Amino acid sequence: MMYRGGSSLGSGNSMMMEAIDVTKRFGKDTVLASVSFRLDKGQSMAVLGPSGSGKTTLLSLLGLLLTPSSGEILFQGQRIQGLSDRELSNLRNHQLGYVFPSSQLIGSLTVWDNILLPARLAGKTREKQKRSRELIEQLGLATRMDHLPHQLSFGQKRRAALARALVMEPQLILADEPTNDLDDNMAKEVSRVLQGAKARGISLIIATHDYPLAESMERRFRIDRGRLSDVTVTDRELGERKGG
Ligand SMILES: Nc1ncnc2c1ncn2[C@@H]1O[C@H](COP(=O)(O)OP(=O)(O)OP(=O)(O)O)[C@@H](O)[C@H]1O
C-alpha cells in the first residue's frame, strides 16, 4: 500500500512516530530505502520480514539510536534531526522503552534491581514498586527476583528487559523479537502483557517473526529488499478468505 502521509496532512498531536522517505545505508549497502509510515498515539504495529531484511535497523532508527542516511523521522510531530544530544537522551530516557537483545541487564544487579533501576534514577522508586511486582508476577519471574542476569535463561532475560521497559510507562515501546527464546505459553503471556501496555495508552512497535504476536498488533508492515509496505489490510483479507 502506498503511503501518502506527511505530518502536514495529519494532526500533529495525535501522531506518535512518522518516517518520511527514510533511507539507511551502511557503506555501499542500502538496507532501508525510502521508508515512510505514520503511527498514531496508542497504536501498535508489527514489522515482519526475513532475517537480515532491516527490522532491527528500522527499530534502531525509530528508537533514536541510529540516524538516517537521508529522510526524516518525527517523534510526536517533532523533527529528530537537529535535536541536541541532550534533547535526544531526554527523549530516549523518558519517552521511549527498549526491549532489544543488545539492551543488556546490568550484570551486578539482581532482576529486581535491574527492573527498578530506571525508577531509581528518576527518583520514583517507591511509586514504581507495586507495578514492578505486578510485572514480575505476570512475566513469570517471581522466583527469579533475587537472581543475577548470568543465572537466567535467555527467555528470562528478555522478560526482565520487558518488565524494565514497561515499569516506567513510556510513550512508546520498541521491542525487537520480544518472544524469541520463549515457549508458546510464555510467548502468549508476553503478548498479553504487551496488549495490557497498549490498553494503558502505550504505543508499540515490534519487530517479530512470531505471526500470532504480529496479528495481535493493529497494524502490520513487511520489509522486503529494503522497502516497507503496510500489509494490514491484505493480511486481514487473507484471514477473511481463509475463514470463509
Ligand atoms: N552497523 C552495521 N554495519 C554494516 N551493516 C549492518 C550494520 N547493521 C546492520 N547491517 C546490515 O543490515 C542488514 C539488516 O540487518 P538487521 O539487523 O536490521 O536485519 P533484521 O531484519 O533485524 O534481521 P534478523 O531478523 O536476523 O534480526 C544486514 O544485512 C546487516 O548485515
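The structure contained in this document is the topic of the report that follows. Everything quoted here is computed from the prediction, not taken from an experiment. (Residues numbered from 1 in each chain as written. Predicted model: local features only at pLDDT ≥ 70, side-chain atom pairs only at ≥ 80, totals over all residues. Heavy atoms only, no water.)

**Comments concerning the sheet that holds strand S9 (residues 219-224)**
Here's step 1: Reading across from one edge, S6-S7-S8-S3-S9-S10 is the order of the six strands in this open sheet, with mixed pairing throughout. Of all the strands in the sheet, the pair left with one neighbour each is strand S6 (96-99) and strand S10 (227-230). Neighbouring strand axes in the sheet, compared pairwise and without regard to direction, differ in orientation by 20 degrees on average.
Here's step 2: As judged from the four bridges shared by S6 and strand S7 (residues 172-176), these two strands associate in the parallel manner. Following the sheet pairing, Gly 97 is matched in S7 by Ile 173.
Here's step 3: This element, helix H1 (residues 55-62), spans strand S3 (44-48), S7, strand S8 (203-207), S9 and S10 of the sheet and lies at about 155 degrees to S7. (Pairing = 2+ DSSP bridges. Helix = DSSP H or I, 4+ residues; strand = E, 2+ residues; numbered from the N terminus. Axes fitted to C-alpha atoms, helices over the stretch in contact; angles between N-to-C directions. Contact = heavy atoms within 4.5 Å.)

**Let's talk about the packing of helix H3 (residues 111-121) against helix H4 (residues 125-138)**
Here's step 1: In contact at an axis separation of 9 Å, H3 and H4 are set at 145 degrees when each is read in the N-to-C sense. Where H3 crosses over H4, the two elements pack in a sense that is right-handed. Together, Trp 112, Ile 115, Leu 116, Ala 119 and Arg 120 of H3 and Thr 125, Lys 128, Gln 129, Ser 132, Arg 133 and Ile 136 of H4 make up the contact between the two elements.
Here's step 2: Broken down by class, the residue content of the contact of H3 with H4 amounts to five nonpolar, three polar and three charged. (Left-handed = near helix turned anticlockwise from the far one by under 90°. Nonpolar A, V, L, I, M, F, W, Y, C, P; charged D, E, K, R; others polar.)

**Observations regarding the site of the ligand**
Here's step 1: Lining the immediate surroundings of the ligand are Phe 26, Val 31, Pro 50, Ser 51, Gly 52, Ser 53, Gly 54, Lys 55, Thr 56, Thr 57, Glu 177 and His 209.
Here's step 2: Gly 54 is positioned such that a nitrogen or oxygen atom in its backbone is 3.0 Å from an oxygen atom of the ligand.
Here's step 3: The fraction of the free accessible surface of the ligand (640 Å²) that becomes covered by protein chains is 55%.
Here's step 4: It is H1 that contributes the most residues to the shell around the ligand, three residues altogether. (Near = heavy atom within 4 Å. Polar contact = N/O pair within 3.5 Å; in protein donor to acceptor, adjacent residues only side chain to side chain. Areas by Shrake-Rupley, 256 points an atom, 1.4 Å probe, with all protein chains shown as cover.)

**Quick word on the nonpolar core**
Here's step 1: Leu 162, Leu 166 and Ile 173 are the most contacted members of the largest nonpolar core, which has 36 residues in total.
Here's step 2: Residue assignment for this core shows that the elements contributing at least two residues are S3, H3, H4, helix H5 (154-167), S7, helix H6 (184-199), S8 and helix H7 (211-215).
Here's step 3: When near neighbours in sequence (up to four residues on either side) are disregarded, Ile 173 contacts Gly 97, Val 99, Ala 165, Leu 166, Ile 202, Ser 203, Leu 204 and Ile 205.
Here's step 4: With 32 residues, the next largest nonpolar core counts Val 22, Val 31, Leu 59 and Leu 174 among its residues. (Core = buried A, V, L, I, M, F, W, Y, C linked by side-chain atoms within 4.5 Å. Buried < 20%, exposed > 50% of the residue type's maximum accessible area, 1.4 Å probe, protein only.)

**Description of the pairing of S3**
Here's step 1: Taken across its five residues, S3 has five buried, putting it largely inside the fold.
Here's step 2: Every second residue of S3 is oriented toward a common face, with Ser 44, Ala 46 and Leu 48 on one face and Met 45 and Val 47 on the other, all of them buried.
Here's step 3: Pairing of S3 with S8 involves four bridges; the strand directions are parallel. Across the sheet, residue Ala 46 finds its bridge partner in S8, namely Ile 206.
Here's step 4: Sheet topology note: the S3/S9 ladder contains four bridges and is parallel. Each residue of the ladder has a partner; that of Ala 46, found in S9, is Arg 220.

**Quick notes on the packing of aromatic side chains**
Here's step 1: By the definition in use, this model includes two aromatic pairs.
Here's step 2: Judged by centre distance (5.6 Å) and plane angle (55 degrees), the rings of Phe 37 and Phe 221 are tilted. One end of the pair, Phe 37, is in strand S2 (residues 29-40); the other, Phe 221, is in strand S9, with 184 residues separating them in the sequence. There is no split in this pair, since Phe 37 and Phe 221 are both buried.
Here's step 3: Residues Tyr 98 and Phe 100 carry aromatic rings whose centres are separated by 5.8 Å and whose planes lie at 90 degrees to one another, so their mutual orientation is edge-to-face.
Here's step 4: Its relative accessible area of 16% is what places Tyr 98 among the buried residues. (Phe/Tyr/Trp six-rings, centres within 6.5 Å; stacked < 30°, edge-to-face > 60°.)

**Details of H1**
Here's step 1: Along H1, seven of the eight residues are buried, which leaves the element largely enclosed by surrounding structure.
Here's step 2: Listed in full, the buried residues belonging to H1 are Lys 55, Thr 57, Leu 58, Leu 59, Ser 60, Leu 61 and Leu 62.
Here's step 3: With its phi angle positive at about 65 degrees, Leu 64 sits one or two positions after the end of H1.

**Describing the environment of Leu 91**
Here's step 1: Here Leu 91 shows up in helix H2 (residues 85-94).
Here's step 2: Residue class for Leu 91 comes out buried when judged on its relative accessible area of 9%.
Here's step 3: Along the backbone, Leu 91 and Pro 170 are 79 residues apart, and their C-alpha atoms lie at a distance of 9.8 Å.
Here's step 4: Not counting residues up to four positions away in its chain, the partners in contact with Leu 91 are Leu 64, Phe 75, Gln 78, Ile 80, Leu 83 and Leu 96.

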